[in-house]
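An overview of the molecular structure
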Amino acid sequence: MAIRNIIKEGDPILTKVCRPVERFDEKLATLLDDMYETMVSGDGVGIAAPQVGILRRIFVIDIGDGKIEFINPKIVKTKGEQEGSEGCLSCPGEYGITVRPMFVTVNAYNRCGDKFTINAEGLLARAICHENDHLDGILFKEHIIKKLDPSEF
Ligand code: ZN
């Protein structure tokens, strides 16, 4: 495993729409392992492939309950609303309050190519929405309703 360089805001890579993964191979497994290690080293709870310069529909989340890998994810249902603070590994030092759905249902594939469904709520739902946005070139800052000082985060 290796820690990869995190692409920062301002780089056009972060504004691109990512393509689906077609091959569930060793290269994908290495990328997923590297993404997780990069996320942990950056003290994040989620990371999307474009943040390490790979324009594919992949993200990894660990909100403290264990790692979940999402490949070719699709949010198929959302419900409710939550307000909460967010930051991003690609936007160091910037935090804000955003509004996200309270519940999301997401279909995705694991690294072996098996399809799964997760019904997420609260922080996990928020993280899924944040990371899924990265796959469409959208940063969390577009959702900020109130900026926060880093000391308030
Ligand atoms: Zn982010």
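The rules behind each value
Residues numbered from 1 in each chain as written. Predicted model: local features only at pLDDT ≥ 70, side-chain atom pairs only at ≥ 80, totals over all residues. Heavy atoms only, no water. Helix = DSSP H or I, 4+ residues; strand = E, 2+ residues; numbered from the N terminus. Expected span 1.5 Å × (residues − 1). Buried < 20%, exposed > 50% of the residue type's maximum accessible area, 1.4 Å probe, protein only. Phe/Tyr/Trp six-rings, centres within 6.5 Å; stacked < 30°, edge-to-face > 60°. Lys NZ or Arg CZ within 6 Å of the ring centre and 35° of its normal.

**Some points on helix α2 (residues 123–134)**
Compared with the 16 Å implied by 1.5 Å per residue over 12 residues, the 17 Å span of α2 between its first and last C-alpha is a close match. Judged by how many residues are buried, α2 sits mostly within the fold: 11 of 12 residues are covered. Taken together, the buried positions of α2 are Leu124, Ala125, Arg126, Ala127, Ile128, Cys129, His130, Glu131, Asn132, Asp133 and His134.

**Considering the packing of aromatic side chains**
Considering all chains together, one arrives at three aromatic pairs under this definition. With a centroid separation of 5.9 Å and an interplanar angle of 55 degrees, the aromatic rings of phenylalanine 70 and phenylalanine 116 are classed as tilted. A residue pair is termed long-range when its members are at least 10 positions apart, and phenylalanine 70 in strand β3 (residues 68–79) and phenylalanine 116 in strand β7 (residues 115–121) qualify at 46 residues. Ring pairs connect the aromatic residues Phe59, Phe70 and Phe116, which therefore count as one cluster. Between the NZ or CZ atom of lysine 67 and the centre of the ring of tyrosine 36, over which it lies, the distance is 4.9 Å. The ring of phenylalanine 103 is capped by lysine 79, whose NZ or CZ atom sits 5.3 Å from the centre of that ring.

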